[in-house]
Amino acid sequence: MTYSIVARDPVTGWLGVGAQTHFFGVGALLPWAEAGVGAVATQAFVNVGYGPRGLELLRAGVPAPSTVDLLIAEDSDSGYRQLGIVDARGSVGAHTGESCAPHAGSARGHQVTVQGNMLAGSGVCQAALSAFETADGDLADRILAGLRAADSAGGDVRGSQSAALLVVSGRRGPTPWNEVVVDLRVDDHPDPLAELSRLLPRSRAFGAVGGVMFTRGLTLGPFEGVAPDELDERLRDLASAAEVIGPDNREADFWRAVLLARAGRHREAADLFAEVAAFRPALLGFAKGLAPLGFLDREALVAMTAHLEEPA
């Protein structure tokens, strides 16, 4: 029992699902998506098998509306199910069984479908659709805006407990796990959409950190030969990430210092690392342990840490 948004971005090709419900762990059951294939929301008296089976059909080239028809035809309890699907071409399909708890319904737009059951009112789905279609930002931002609008319109009549947001790219390939753009779950929270809103920018910030640590095929030497303009961009990304993450977590600053040291900007690296080590002295030993792994050569390590002493 929940409400959800399933959508494709016609510009980027991204595919996404977002949902909120008054039940524990909606993210473990409802959202399914595969890059360049499609996205599925399965809900009400949920048939989790609609997720993997739906993606299997979409992967085989079955359009979203026909995928919905096939799934419900295979299910003798389809009257209790609710389903929303979008495929990689932007076609959408939806099903609301006649035995779904009221209020139950759906609303469709261009490459987007909203569906819900056990809703506080009949206008919840339309409120979500309107907000999604007029919101700024990328697909994740717009799905989240739609979910917040649904909540403001009454949302789940029982209240709220969990929420999920899953977005994948439009690039189909042999490693779809590398094409996940956003994968966030709030399993148990008094205001799960507020928590999703807090986590989304932090997810992007840590994504920038991870992109610096592991770049170009998960190599351990991602910064060798980086052009000056690319280096400056990555340093800016890390600085921006540090602002979002906040002063109680220096992960982004640690890796920014490493990048500066590797780039030969030793004075800047030493100054920044001194701040990081003052916040958490044990990171000095951690930095020294990275050198044998290929993250720092000896010269860069000494330049970054020579004036510091390890904690007793």
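Preceding this section is the structure that the text describes.
Residues numbered from 1 in each chain as written. Predicted model: local features only at pLDDT ≥ 70, side-chain atom pairs only at ≥ 80, totals over all residues. Heavy atoms only, no water.

Further remarks concern the sheet that holds strand β8 (residues 112-116). Here we have 6 strands laid out as an open sheet, ordered β7-β8-β1-β2-β9-β10, and antiparallel in their pairing. Lying at the two open borders of the sheet, with one neighbouring strand each, are β7 (105-109) and β10 (180-186). Looking at each pair of strands side by side, their axes are set apart by 5° on average, direction ignored. Pairing geometry for strand β1 (residues 2-8) and β8, over 5 bridges, is antiparallel. Opposite Ala-7, over in β8, you have Val-112 as the bridge partner. Most of the contacts of helix α4 (residues 139-152) go to strand β2 (residues 15-21), to which it runs at about 25°, and overall it touches β1, β2, β9 (162-168) and β10. (Pairing = 2+ DSSP bridges. Helix = DSSP H or I, 4+ residues; strand = E, 2+ residues; numbered from the N terminus. Axes fitted to C-alpha atoms, helices over the stretch in contact; angles between N-to-C directions. Contact = heavy atoms within 4.5 Å.)

Turning our attention to the side chain of Asp-75. Take Asp-75: it is sitting in the loop between α2 (64-73) and β5 (81-87). At 2.7 Å, the side chain of Asp-75 forms a polar contact with the side chain of Arg-81. (Polar contact = N/O pair within 3.5 Å; in protein donor to acceptor, adjacent residues only side chain to side chain.)

Moving on, we get to the packing of aromatic side chains. Here the structure, examined in full by the defined rule, presents 5 aromatic pairs. A centroid spacing of 5.1 Å and a plane angle of 80° characterise the contact between Phe-254 and Trp-255, whose relative ring orientation is edge-to-face. With respect to class, Phe-254 is no different from Trp-255; both count as buried. Through a chain of ring-to-ring contacts, three or more aromatic side chains come together here, namely Phe-254, Trp-255, Phe-273, Phe-286 and Phe-295. (Phe/Tyr/Trp six-rings, centres within 6.5 Å; stacked < 30°, edge-to-face > 60°. Buried < 20%, exposed > 50% of the residue type's maximum accessible area, 1.4 Å probe, protein only.)

Within the secondary structure layout, His-95 lies in strand β6 (residues 92-96). From its side chain, His-95 meets the backbone oxygen of Ser-78 in a polar contact 2.9 Å long. At a separation of 3.5 Å, a polar atom in the side chain of His-95 contacts the main-chain amide nitrogen of Gly-97. Every residue in contact with His-95, bar those within four places of it in the chain, is listed here: Val-68, Ile-72, Ser-78, Arg-81, Gln-82 and Leu-83.

By themselves these figures say nothing about function.
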